[in-house]
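Architecture and fold: a report
Take a look at the letters that make up each chain.
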Amino acid sequence: AQSVTQLGSHVSVSEGALVLLRCNYSSSVPPYLFWYVQYPNQGLQLLLKYTTGATLVKGINGFEAEFKKSETSFHLTKPSAHMSDAAEYFCAVILYGNNRLAFGKGNQVVVIP
Amino acid sequence: NAGVTQTPKFQVLKTGQSMTLQCAQDMNHEYMSWYRQDPGMGLRLIHYSVGAGITDQGEVPNGYNVSRSTTEDFPLRLLSAAPSQTSVYFCASSYSSEQPQHFGDGTRLSIL
């Protein structure tokens, strides 16, 4: 069963426009949540994480995400896209009591000048 | 600190050959894992380890073996390579399974 859903494999955004990447998880218990970024020919880098506490999480490079338990969502946003944001973004979860990190299928972000 | 080091970076194999992908970390992390990345599939967990001497299967373990004799090293063995194992392989490590994982730069493997 797919634990993490990311819709839209490719996302195009104009430079300076809002970046919004959606992530939904399937669990009745709030999991640990992560967003990772992958630049071409590189490994994954952590953007931000949610474990407990404040539901609005700020990460690197101006990104932030909000955990909404009622919607089982952890959407990633950035107010103003920059050309350097072109990359692939992955949402990932660790379900309660499970040692395994499950990834969504990723969003390839293209920034249009 | 070198972080997570994977070798080789590229490899081409013939069907039926065996090989070992190496992964080493110098952060004293207990948790280590192997993923494969295929277009449109995200990353899928192959095997993981919560400490030296302890390993477990992930989502797609068939055709792969692992062992964890030391904290630092977590090699992945392909027993008899098949074209379906053509992929990019990533090793990752963290202090525990709940902590963010640090990823290596990947091994790009082609099976002919």
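Here we summarise the structure given alongside this text. (Residues numbered from 1 in each chain as written. Chains lettered and ligands numbered in written order. Predicted model: local features only at pLDDT ≥ 70, side-chain atom pairs only at ≥ 80, totals over all residues. Heavy atoms only, no water.)

Some thoughts on the overall build of chain A
Filter applied, for reference: Secondary structure elements follow DSSP: runs of H or I of four or more residues count as helices, runs of E of two or more count as strands, with numbering from the N terminus. As defined in this context, the radius of gyration uses C-alpha atoms, and a globule is described by 2.2 Å times the residue total to the power 0.38. For each residue, the accessible area found with a 1.4 Å probe, counting protein chains only, is set against the maximum for its type, and the residue is called buried under 20%, exposed over 50%, and partly exposed in between. Whether two residues are in contact is decided by their heavy atoms, any of which lying within 4.5 Å being enough. By the counting rule applied here, Lys and Arg register as positive and Asp and Glu as negative, while His and the ends of each chain are not counted. The location of each charge is read from NZ of Lys, CZ of Arg, CG of Asp or CD of Glu.
When helices and strands are tallied, chain A shows zero helices and twelve strands. The C-alpha radius of gyration computed for chain A amounts to 13 Å, which stays within 12% of the reference 13 Å derived for 113 residues, consistent with globular compactness. Dimensions of chain A, computed from C-alpha atoms along their principal axes, come out at roughly 45 × 30 × 20 Å. Here chain A, with 113 residues, has 42% of them falling under the buried criterion. Of the contacts made within chain A by residues no fewer than 6 positions apart, 56% connect residues no fewer than 24 positions apart. Mean positive and mean negative side-chain charge positions of chain A (8 and 6 charges, respectively) differ by 10 Å.

What about the pairing of strand β9 (residues 73-78) of chain A?
All names here are of chain A. The line we're drawing: The pairing criterion is simple: DSSP has to find at least two bridges between the two strands.
Extensive coverage of β9 is indicated by the burial of five of its six residues. In the sheet, strand β3 (residues 19-21) pairs with β9 via three bridges, with the strands oriented antiparallel. Its bridge partner being in β9, Leu 20 is matched across the sheet by Thr 77. Note: strand β8 (residues 64-68) against β9, five bridges, orientation antiparallel. Residue pairing in the sheet places Lys 68 in a bridge with Ser 73 of β9. Remark: four residues form the turn of the hairpin made by β8 and β9, two consecutive strands paired antiparallel; Thr 72 in that turn has positive phi of roughly 40 degrees.

Overview of the side chain of B:Ser87
Residues and elements named next belong to chain B. With respect to the secondary-structure elements, Ser 87 resides in strand β9 (residues 87-94). By relative accessible area, Ser 87 is classed as buried at 7%. Apart from residues no more than four positions distant in its own chain, Ser 87 is found in contact with Arg 36, Gln 37, Asp 38, Thr 107, Arg 108 and Leu 109.

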